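What follows is the residue order along each chain.
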Amino acid sequence: MTDLKISGDIIASDNDRRAAALKSDYEALGAKLARSGIDIGAITAKVADFFVAVPSWGVGTGGTRFARFPGPGEPRHIFDKLEDCSVIQQLTRATPTVSLHIPWDKADPKALKAHGDALGLGFDAMNSNTFSDAPDQARSYKYGSLSHVDAATRRQAVEHNLECIEIGKAIGSKALTVWIGDGSNFPGQSHFTRAFERYLDAMGEIYQALPQDWRLFSEHKMYEPAFYSTVVQDWGTNYLIAQTLGEKAFCLVDLGHHAPNTNIEMIVARLIQFGKLGGFHFNDSKYGDDDLDAGSVDPYRLFLVFNELVDAEYRGIKGFHPAHMIDQSHNVTDPIESLMASANEIRRAYAQALLVDRAALDGYQDENDALMATETLKRAFRTDVEPILAEARRQKGGAIDPVSAYRASGYRAQVGKSRPPVKGGSGGIV
Ligand SMILES: [Mn+2]
């Protein structure tokens, strides 16, 4: 019996108020789509089957380099975080798994598994952390980790990743995501080639320890915390890593880790074509790695990414199953609300991409009809698919309007009573 944090009565009464309007909107959209030969029931079923993992680090209030302003009822530890994650899943039915970050979420794996099971949550990719120093570690990552000039520091970073795999094995994870902060702040500070050789050697050791049914995701990022160069700076380097390591190694695309205006959907298409797209960290950005809510700044870009994913799905690409994860920092919102809204935006992009008339698009491309080709995408993007998203949630026992039901539940105030207030003032992204 799943331990549900929001009363079923709250969800039912909020849904009751909205059910008639949803039925009417869903039928109207169904009739509109039927005129284009699209079965709304089939689209709704696909949306209901689309899931995205919640990052454990996303349920606490985020921050910037300057400050963090915690809210009431901040999760104290991973077990509180899992409870918050279960609220997101209960109301959206879109987030049945959580992605852990070690050592932040380090706890007895048996207790983690039991708590997840009780809340009806599974575990997605494990994330290692060699971009900051844990209080008890022997060697500092100030000058790098997997690419550090000192062999003992590299060994420590490798060992940490091996530990993440061990914890992951015990809780049912099937992937390890590695993002390093390694790089340089000054021209000449680091030898590009030697640093990358050291990184590849260290990653090779991690790769060797990977269980047969696991995948290894490497995540590129063009700058920050290093501001002159990073060791894994872009998708080209990331592809070389995945290619060098072997068939269980894939590239992870964090939407915020590129230069502004980079054509990310095209990067996605290239990685799909060469069998190396591992998955995503969804978020949105205006200037850099802003970690804003998915779809909040440029929903069309998110749609164009999903257009490539659905295209690959329809082409039946062998072994194509990218991992979907959110990676965001919530500085001014209740993180639970932001994560629910983000899961919804990600599903929206997926639903819109499912509506693209791909046969027509192929034809326009072959005829060099640029206007109608782009209009084919726009027509799908302009479709208000909210009734599909709401109906998918309703059918699975979630909330028609998750934020409304969440606010009606008083969950934040309730956990605020048992979780002591956190003092603000400290910096830090997470
Ligand atoms: Mn990320």
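Only a predicted model underlies this, so the values are computations on that prediction, with no experimental measurement involved. (Residues numbered from 1 in each chain as written. Predicted model: local features only at pLDDT ≥ 70, side-chain atom pairs only at ≥ 80, totals over all residues.)

1. Here's the deal with the overall build of the protein
Heads up, the condition is: Secondary structure elements follow DSSP: runs of H or I of four or more residues count as helices, runs of E of two or more count as strands, with numbering from the N terminus. Radius of gyration here uses only the C-alpha atoms, and the compact-globule reference equals 2.2 Å multiplied by the residue count raised to the power 0.38. The exposure label follows from counting other C-beta atoms within 10 Å of a residue's C-beta, where the C-beta atoms are placed from the backbone and the thresholds are 20 or more for buried and 12 or fewer for exposed, leaving partly exposed in between. Whether two residues are in contact depends on their C-beta atoms, placed from the backbone: they are in contact if these lie within 7 Å.
Summing up its helical and strand segments, the protein has 15 helices and 12 strands in all. For a compact globule of 430 residues, the expected C-alpha radius of gyration is about 22 Å, and the protein comes in at 22 Å, within 12% of that figure. Expressed as lengths along the three principal axes of its C-alpha atoms, the size of the protein is roughly 65 × 60 × 40 Å. Expressed as a percentage of the 430 residues in the protein, the buried residues total 46%. Across the protein, contacts joining residues at least 24 apart in sequence account for 80% of those joining residues at least 6 apart.

2. Some details on the packing of helix α9 (residues 299-315) against helix α10 (residues 335-354)
Going by this rule: For helices, the fitted line uses only the C-alpha atoms of the stretch in contact; every axis is such a line through C-alpha atoms, and the angle between N-to-C directions lies from 0 to 180 degrees. Roughly parallel means an angle under 35 degrees; roughly antiparallel, over 145; roughly perpendicular, 65 to 115; everything else is oblique. Handedness of a crossing follows from how the near helix is turned relative to the far one, being left-handed for an anticlockwise turn of less than a right angle and right-handed for a clockwise one. Polarity classes work like this: nonpolar for Ala, Val, Leu, Ile, Met, Phe, Trp, Tyr, Cys and Pro, charged for Asp, Glu, Lys and Arg, and polar for all others, with Gly in that last group.
Packing of α9 against α10 leaves a shortest axis separation of 8 Å and a crossing angle of 55°. Between α9 and α10, the interaxial angle falls into the category oblique. The crossing of α9 and α10 is right-handed. Counting all contacts with α9, which are made through P299, L302, F303, F306, N307, L309 and V310, the residues of α10 involved are E345, A349, Y350, Q352, A353 and L354. Residue classes in the contact of α9 with α10 are distributed as 10 nonpolar, 2 polar and 1 charged.

3. Some thoughts on the pairing of strand β11 (residues 277-282)
Rules: Two strands make a pair as long as DSSP finds a minimum of two bridges between them.
Burial of β11 is extensive: 6 of the 6 residues sit out of reach of the surface. Note that strand β10 (residues 249-254) and β11 share 4 bridges and pair parallel. Each residue of the ladder has a partner; that of C251, found in β11, is L277. With 4 bridges joining them, β11 and strand β12 (residues 323-326) adopt parallel strand pairing. The residue bridging H281 from the neighbouring strand is M325, located in β12.

4. Considering the sheet that holds strand β4 (residues 122-123)
What the 3 strands build is an open sheet, ordered β1-β2-β4; its pairing is parallel. Looking at the sheet topology across the chains shown, the edges are occupied by β1 (54-55) and β4. Pairing of β1 with strand β2 (residues 97-99), which is carried by 2 bridges, proceeds in the parallel orientation. Its bridge partner being in β2, P55 is matched across the sheet by S99.

5. What to know about helix α8 (residues 264-273)
What counts is decided by this rule: Directions from the helix axis toward the C-beta atoms define the arc.
Three or more residues of α8 are buried, namely I264, I267, V268 and L271. An end-on view of α8 places all buried positions within 100° of arc, on one side of the element. On its buried side, α8 packs onto α7 (235-245), β10, β11 and α9.

6. Regarding unusual backbone geometry
Here the bond from I102 into P103 is cis, since omega is 15°, no more than 30 degrees from zero. Structurally, the position occupied by P103 is in the loop between β3 (101-102) and α4 (109-119). Cis geometry marks the peptide bond from E224 to P225, where omega comes out at 5°. Within the fold, P225 resides in the loop between β8 (215-219) and β9 (229-230). The residue N261 is not glycine, and still its phi comes out positive at about 70°. Taking the number of C-beta atoms within 10 Å as the measure of exposure, N261 has 7 and is therefore exposed. Despite not being glycine, N368 has its phi angle at roughly 55°, a positive value.

7. Let's talk about the environment of P96
Mapped onto the elements, P96 comes out in the loop between α3 (78-92) and β2. Assessed through the 18 C-beta atoms surrounding it within 10 Å, P96 is described here as partly exposed. Between the C-alpha atoms of P96 and V54, which are 42 residues apart in sequence, the distance is 8.2 Å. If we ignore the near neighbours within four places in the chain, the residues touching P96 are F51, Q89, L121 and G122.

8. Description of the sheet that holds β12
Across the sheet, 7 strands lie side by side as β3-β5-β6-β8-β10-β11-β12; this open sheet has parallel pairing. Sheet topology places β3 and β12 at the edges, where each strand pairs with a single neighbour. Bridge count between strand β6 (residues 175-178) and β8: 4 bridges; the pairing is parallel. By the bridge assignment for β8, L176 is matched with L216.

9. A closer look at the packing of helix α6 (residues 192-208) against α7
Two numbers describe how α6 lies on α7: the axes approach to 10 Å, and their chain directions differ by 50°. In terms of orientation, α6 lies oblique with respect to α7. Considering how the two elements wind past one another, α6 and α7 form a crossing that is right-handed. On α7, the residues that touch L200, M203, G204 and Y207 of α6 are I241, T244 and L245. Of the residues that constitute the contact of α6 with α7, the class distribution is 5 nonpolar, 2 polar and no charged.

10. A few points about α4
Listed in full, the buried residues belonging to α4 are L112, H115, G116 and L119. Down the axis of α4, the buried side of the element spans an arc of 100°, and every buried residue falls inside it. Facing away from the buried side of α4 by over 90 degrees, the exposed positions are K110 and A114. Remark: G120 follows α4 within two positions and exhibits a positive phi of approximately 75°.

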